[in-house]
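# Structure assessment
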Amino acid sequence: MDLSYTPEEEEFRTRLRRWLAGTLPALPPKPSPDDWPGRRAYDLGWQRTLHDAGYGEVHWDASPTLRLIFLEETERAGAPYVGANFVGLLHAGPTIAAEGTPEQRTRWLPPILRGEQVWCQGFSEPDAGSDLAALRTRARRDGDDYVVTGSKIWTSHAEVADWCELLVRTDPAAPKHQGITWLAMPMDAPGVTVRPLRTLAGSAEFAEVFLDEVRVPVANRVGEENDGWRVTMVTLSFERGTAFVGEVVACRRVLGELAREARKNGRWDDPVLRRRLGRLNAEFRALWRLTQWNVSEAEASGGVPGTGGSVFKLRYSHARQELYDAAADVLGPDCLDLDRPWVLDRLSSLSYTIAAGTSQIQRNIVAERILGLPKGR
């Protein structure tokens, strides 16, 4: 498989670097991490800047390789992350682009790309996390609407979202993977209640969402009724395949910073730490190559990442935790100081083996869909 870049792709990289160098110094300061309305406005403003410069549509209308270059270069330049826009830009948007009708694509994609709307993800439930197909939120058909009742948890950015990509059970009598439907729900609909949740790191980017007889138009269904599990696999392939690209670049940058800090504070004299950082360097170089491989596979299969995304997500989740454990070794006693670099990142890294499908689920996917092993009993 060819992992090199074409002259046209390298020209795109050069042009993007030049634009970033001229644009980033003029950006306003970032708001406080706890100011979610301010962060929403900041993130939407950055997306509008990208859109006006011709980069807003890179997530869907460009090839997977150009998306890879875009995410790589924006992270290296220290550009704002997608932030509150991540579900719309990296999960729901690509799913609608791949599975939505022409009318749905026209309705929902331009506002996301122009930085006008924020989406959240209503998948997990209190009793349906790793076993997502066990979800119990019900949607009853009533004329041209679905009437939805239930609850969701770990709903990212629900408190500032305009729309929610929502999984509901439309046929409770069907086998659990066959009675699910994918809906786009307006967050201002009557009956929607949002309760923010505070994480170990002290942030509140998650929420619990309660749904009490919420009416969602049938026209907001993406895919056919009861075909939502297949559509969900498209969403999750994006979440596990390309959504972490920028984070791999960030981890490689952090690794270099850790080495410099270790040289400065004397920890570099520890040969065990040096070997650990060297192994992590090899690990993240390999993960970057795996990312390129997954993108090449997506390029050949119409733009949707394949099961290789589960291989990546499984290894990346653990490598990220190992990276920030190494950061604690570099910092020594200062690893308990929440104001020091990397300390909050270490706390947040604990969630990566759970979020976007637990490591146990990823191992099952790899075993069954890649290795061809039988399902566990």
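See the structure shown above.
In this text the structure is predicted, and so the values were computed from the model without any measurement.

Here the focus is the pairing of strand S7 (residues 206-217). Note that strand S3 (residues 145-152) and S7 share seven bridges and pair antiparallel. Each bridged residue has a counterpart across the sheet, and for Asp 145 the counterpart in S7 is Pro 217. Relative to S7, strand S6 (residues 192-197) is paired through six bridges, and the arrangement is antiparallel. Note on S7: the bridge partner recorded for Leu 197 is Phe 206.

Turning our eyes to something else, we now look at the pattern of salt bridges. Scanning all chains against the criterion turns up 29 salt bridges. Here Arg 15 makes a salt bridge to Glu 11, at a shortest N to O gap of 3.5 Å. Taken together, the positions of Arg 15 and Glu 11, both in helix H1 (residues 7-23) and four residues apart, correspond to about one turn of that helix. Glu 11 gets classed as partly exposed once you look at its relative accessible area, which sits at 42%. A salt bridge links Asp 227 to Arg 230, with the shortest nitrogen-to-oxygen separation between them at 2.9 Å. Using a relative accessible area of 39% as the deciding quantity, one classes Arg 230 as partly exposed. A cluster of three or more residues bridged by salt bridges with shared partners is formed by Glu 10, Arg 13, Arg 17, Glu 72, Glu 73 and Arg 76.

On to the packing of aromatic side chains. In total, this model carries nine aromatic pairs according to the counting rule given. Aromatic side chains Trp 119 and Trp 163 sit 5.8 Å apart centroid to centroid with 20° between the ring planes, which places their arrangement in the stacked category. In this pair, Trp 119 sits in strand S1 (residues 119-122) while Trp 163 sits in strand S4 (residues 163-169), placing the two residues 44 residues apart along the sequence. Among the residues examined, Trp 119 registers a relative accessible area of 0% and is labelled buried. Overall, Trp 163 belongs to the buried group, its relative accessible area being 11%. Aromatic side chains Trp 154 and Phe 206 sit 5.9 Å apart centroid to centroid with 80° between the ring planes, which places their arrangement in the edge-to-face category. Here the residue Trp 154 occupies a position in the loop between S3 and S4, and Phe 206 occupies one in strand S7, the gap between them amounting to 52 residues. An aromatic cluster is defined as three or more aromatic residues linked by ring pairs; in this entry it consists of Phe 12, Trp 19, Trp 46, Tyr 55 and Phe 70.

The end-to-end C-alpha separation of helix H4 (residues 86-99) is 19 Å, in line with the 20 Å expected for 14 residues at 1.5 Å each. Its axis deflected by about 40° at Ala 92, H4 carries its strongest bend there, up to four residues before the proline Pro 94.

We now examine the packing of helix H3 (residues 64-76) against helix H7 (residues 245-265). Two numbers describe how H3 lies on H7: the axes approach to 8 Å, and their chain directions differ by 35°. Two packed elements cross with a definite hand, and for H3 against H7 that hand is right-handed. Residues Leu 68, Leu 71, Glu 72, Glu 75 and Arg 76 of H3 form the contact with H7, whose own contacting residues are Val 245, Gly 246, Val 249, Ala 250 and Arg 253. Residues of the contact of H3 with H7, tallied by class, amount to five nonpolar, one polar and four charged.

The rules behind these values
Residues numbered from 1 in each chain as written. Predicted model: local features only at pLDDT ≥ 70, side-chain atom pairs only at ≥ 80, totals over all residues. Heavy atoms only, no water. Pairing = 2+ DSSP bridges. Helix = DSSP H or I, 4+ residues; strand = E, 2+ residues; numbered from the N terminus. Salt bridge = Lys/Arg side-chain N within 4 Å of Asp/Glu carboxyl O. Buried < 20%, exposed > 50% of the residue type's maximum accessible area, 1.4 Å probe, protein only. Phe/Tyr/Trp six-rings, centres within 6.5 Å; stacked < 30°, edge-to-face > 60°. Expected span 1.5 Å × (residues − 1). Bend = angle between axes of the 7 residues up to and from the residue. Axes fitted to C-alpha atoms, helices over the stretch in contact; angles between N-to-C directions. Left-handed = near helix turned anticlockwise from the far one by under 90°. Contact = heavy atoms within 4.5 Å. Nonpolar A, V, L, I, M, F, W, Y, C, P; charged D, E, K, R; others polar.

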